[in-house]
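Analysis of the macromolecular model
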Amino acid sequence: MTAAMQSTAMPTAEQHGFRPHSDGPIIPVQTRSERFRSVNVEDFAPVTGREHEWKLSPVAAFADLTGGELDGARLPIETADAPGVDVSWIARDDARIGRAGTPEERASANAWSSFGEALFVSVTGEEEKIAAITRSGLGTTPRAAHTVIEAAPNSRGLVVLRGAGEARLTENVEIVVGEGASLTVVSLQEWDDDAVHLASHFARLGRDSFLKHIVVSLGGKVVRVNPSTHLAEQGSDVEALGLYFADAGQHLEQQVYVHHDAPHTRSRVTYKGALQGDGARSVWIGDVLIGNAAAGTDSYEQNRNLVLTDGTRADSVPNLEIETGDIEGAGHASATGRFDDEQLFYLMARGISEGEARRLVVRGFLTEIVQKIGSPDLEARLTAALEAELEGR
Amino acid sequence: MSVLEIKNLHVNVETDQGTREILRGVDLVINEGEIHAIMGPNGSGKSTLAYTIAGHPKYQVVQGEILLDGENVLEMSVDERARAGLFLAMQYPVEIPGVTVTNFLRTAKTAIDGEAPSIRGWVKDVRESMSNLKMDPAFAERNVNEGFSGGEKKRNEILQLELLKPKFAVLDETDSGLDVDALKIVSEGVNRAKANTGLGILLITHYTRILRYITPDFVHVFVAGKIAEQGGRELADRLEEEGYDRYQVAEAAAAE
């Protein structure tokens, strides 16, 4: 690892793991940006579960989404509009589709090959605004979807893409952030217990633009949301945040990729998760590629997991590739820890009951992410949802 | 009149090398309003006594009793002990990320009193106590003990002592690692808490330094898990001059 370790959020030596990595030195098979890509599902071999992008996923649980035929009809949506946010359906041959990225695996390509129309969310105007789009009542038919969120130059806004109820869904979400725009996208997974949701997000950031991208996964049997951000132009900046709470039997996964591809770009990736109950499972893979053109890059990624009970498993894999020596800083950190009994003792020694003490600690752990969302309503709702998770509801 | 009684207390700890007996029959009676200093060399069991009173799961009581006003403390959970009126100021307070001092204090106060404190009075009390302990108001919005210096952590412990108003407080080496200014501030806080609530204090320390600022009514010398000698504050003066060697020689001789 050749990362120059400079960051305002420097971890301790122990957190960073100045000790050798447990799985030995990793030699990537290829540079992250050179993965095979195609919008056509037939260009990908059937998924076996041995592929690097699938090897930590329960592929048998969603063979219909990676290999089967998908219903590409419009998803049932409810929208809470805001002035300056326009939501419409556009045809699959519309020129506004395909500008932010291209599928790198079969579920994503299957969705791209199968969707009928795309949902187009247009954000314009310099006032702050919040728009929420809820997809629910999707049923159990395997479905494909495509969404394009575009923030016009210098616009500002927050878009919530929420999923609830039953679902077997594979989808692509393109996020196009115009020059000087500041956009927040929240992908909120509150699916029913049996739902499967596979998503690839592709963001392309214009000059001096800012994207705050937040993945919140609470409900669903298998939820895999993989956001890629292409810092394509000078001065672009992404803050990628994630929050997940895996219960018994739940698989929550996120493969986060940030490509620094222009000078003076900045990225901060912070994913935090809690795991509770038998078979609770989380996967976080964080890839950062600092390309040759990305002089002056400032990058830091981290993943933290809090293990609340026995019988859980958290995989956490940060990867960093640097192709230029001229950077401001790049670092990564990963830590997975058990619930700290000394914290529990300290709080209980002040009269606080065990249940309340656990809630305080977990809430404290996850609240860092919640507080960064920037919507008081959504923050309050998420805090309540996390309380419910903690109580096993 | 509250009283904390410790009778023939024997305590074991599980270590990698097997079970170790740390306390070997401790007897102690502390009345409300009294300050007892427990002094002794490292490894004599002082901190074990502190954590056993608070109920840390690492320590197993194999014999003896701890009674608070006749109630069996050993049957209470950690939080029940705190609600019954026991307080432990820890030597190494832990960090609680994401939980602000304000939130923590209010949660603890509510738990101890069984009802939420009135907002206006509480905010005023907290501000006053923090000011007395020369704590920056910004502390209230920081996460509990996160990034606090050693001195700040100890002040935060005494802040809790003042606000939670226990019947008995155990101060586990509260003086360790403090410079003289911080030591004075912390000692004043303890004296103020005693003046305000008349609590009983078990002051555990390795050094006599803190006894210049907090005057003990009784001094107990701990050696090898037992009280080897007790007396008034003059015993502390003698320890300052002679150290603990005398007891350790006696202990070695007794072991032969």
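Right, let's walk through the structure included here. Values in this document were obtained by computation on a predicted structure and should not be read as measured data. Once a new chain begins, its residue numbering starts again from 1 and follows that chain's sequence as written. Here the convention is simple: chains get letters from A, ligands get numbers from 1, in the order in which they are written. Only residues with pLDDT of at least 70 get local features here, since the model is predicted, and only at 80 or more are side-chain atom pairs given and counted; chain-wide, interface and lining totals rely on the full set of residues. Each side-chain value is worked out from all heavy atoms of the structure, with water and hydrogens disregarded.

What follows is about the overall build of chain A. Across its full length, chain A holds six helices and 18 strands. Radius of gyration here is computed from C-alpha atoms only, and the compact-globule reference equals 2.2 Å multiplied by the residue count raised to the power 0.38. Its C-alpha atoms give chain A a radius of gyration of 20 Å, within 12% of the compact-globule value 21 Å for 393 residues. Each principal axis of the C-alpha distribution contributes one length, and for chain A these read about 65 × 50 × 45 Å. Burial classification: accessible surface area is computed with a 1.4 Å probe over protein chains only, and a residue below 20% of its type maximum counts as buried, one above 50% as exposed, and the rest as partly exposed. Among the 393 residues that make up chain A, the fraction classed as buried is 59%. By definition, any uninterrupted DSSP run of H or I lasting at least four residues is a helix, any uninterrupted run of E lasting at least two residues is a strand, and each is numbered from the N terminus.

Turning next to the packing of helix α5 (residues 150-164) of chain B against helix α6 (residues 180-197) of chain B. All names here are of chain B. Here α5 crosses α6 at 10°, and the two axes come no closer than 9 Å. Here α5 is positioned roughly parallel relative to α6, judged by the angle of their axes. Contacts from Lys154, Arg155, Ile158, Leu161 and Glu162 of α5 reach α6 at Ala182, Ile185, Val186, Gly189, Val190, Arg192 and Ala193. Just so you know the grouping, Ala, Val, Leu, Ile, Met, Phe, Trp, Tyr, Cys and Pro go in nonpolar, Asp, Glu, Lys and Arg go in charged, and all remaining residues, Gly too, go in polar. Here the contact of α5 with α6 is built from residues that sort into seven nonpolar, one polar and four charged. Each axis is a line fitted through C-alpha atoms, taken for helices only over the stretch in contact, and angles between the N-to-C directions span 0 to 180 degrees. Our angle categories are set so that under 35 degrees counts as roughly parallel, over 145 as roughly antiparallel, 65 to 115 as roughly perpendicular, and the remainder as oblique. Note on definitions: a residue-residue contact is assigned when non-hydrogen atoms from the two residues lie within 4.5 Å.

Before going further, it helps to spend a moment on the pattern of salt bridges. When a carboxyl oxygen of Asp or Glu is within 4 Å of a side-chain nitrogen of Lys or Arg, the pair counts as a salt bridge. Applying the stated rule across the entire model yields 39 salt bridges over all chains. Between Glu368 of chain A and Lys272 of chain A there is a salt bridge, with its nearest N and O atoms 2.7 Å apart. Here Lys272 of chain A lies in strand β14 (residues 266-275) and Glu368 of chain A lies in helix α5 (residues 354-370), a separation of 96 residues in the sequence. Using a relative accessible area of 9% as the deciding quantity, one classes Lys272 of chain A as buried. With a closest N to O distance of 3.3 Å, Glu229 of chain B and Arg246 of chain B form a salt bridge. One end of the pair, Glu229 of chain B, is in strand β12 (residues 226-231); the other, Arg246 of chain B, is in helix α8 (residues 245-255), with 17 residues separating them in the sequence. Here the salt bridges share partners, and the residues they tie into one network are Arg32, Arg35, Arg37, Glu104 and Asp287 of chain A.

Working definition: rings of Phe, Tyr and Trp (its six-membered ring) pair if their centres are within 6.5 Å, and the pair is stacked with planes under 30 degrees apart, edge-to-face with planes over 60 apart, and tilted otherwise. Taken as a whole, this structure holds seven aromatic pairs over all chains when the rule is applied. A ring pair is formed by Phe36 of chain A and Phe44 of chain A, whose centres lie 5.2 Å apart and whose planes are at 70°; its orientation type is edge-to-face. Classification of Phe36 of chain A as partly exposed rests on a relative accessible area of 46%. The rings of Phe345 of chain A together with Tyr51 and Tyr59 of chain B are connected pair by pair, giving a single aromatic cluster. By the criterion adopted, a ring carries a charge over it if an Arg CZ or a Lys NZ lies within 6 Å of its centre and within 35 degrees of its normal. Against the face of Phe120 of chain A rests Arg96 of chain A, its NZ or CZ located 4.5 Å from the ring centre.

Contact with chain B, which involves 32 residues of that partner, is made by 18 residues of chain A. Between Glu157 of chain B and Arg350 of chain A there is a salt bridge whose closest N-O contact spans 2.7 Å. Pairing of N or O atoms within 3.5 Å defines a polar contact, subject to two protein rules: one partner must be a possible hydrogen donor and the other a possible acceptor, and residues neighboring in sequence count only if both atoms are side-chain atoms. Put simply, chain B and chain A have nine residue pairs in polar contact (both at pLDDT 80 or more) between them. Secondary-structure elements contributing two or more residues to the side of chain B that touches chain A are α1 (46-54), α2 (78-84), β6 (86-89), β7 (96-100), α3 (101-113) and α5 of chain B. Per-element tally for the side of chain B that touches chain A: the top contributor is α3 of chain B, with six residues. A class-by-class count of the residues in the side of chain B that touches chain A yields 20 nonpolar, eight polar and four charged.

Side chains of Glu166, Asp192, Asp193 and Asp194 of chain A sit close together on the surface and give a patch of like negative charge. Inspection of the secondary structure assignment puts Glu166 of chain A in the loop between β6 (156-165) and β7 (168-177). Think of a patch as exposed residues, more than 30% relative accessible area, with no salt bridge, where like charges cluster within 9 Å and nonpolar side chains (Val, Leu, Ile, Met, Phe, Trp, Tyr) cluster within 5 Å. Note on areas: these come from Shrake-Rupley sampling with a 1.4 Å probe, and a residue is covered only by the protein chains present in the view. Residues counted as positive are Lys and Arg, residues counted as negative are Asp and Glu, and His and the chain ends are not counted. A charged residue contributes its charge at one atom only: NZ of Lys, CZ of Arg, CG of Asp or CD of Glu.

Purely geometric numbers; function is a separate question.
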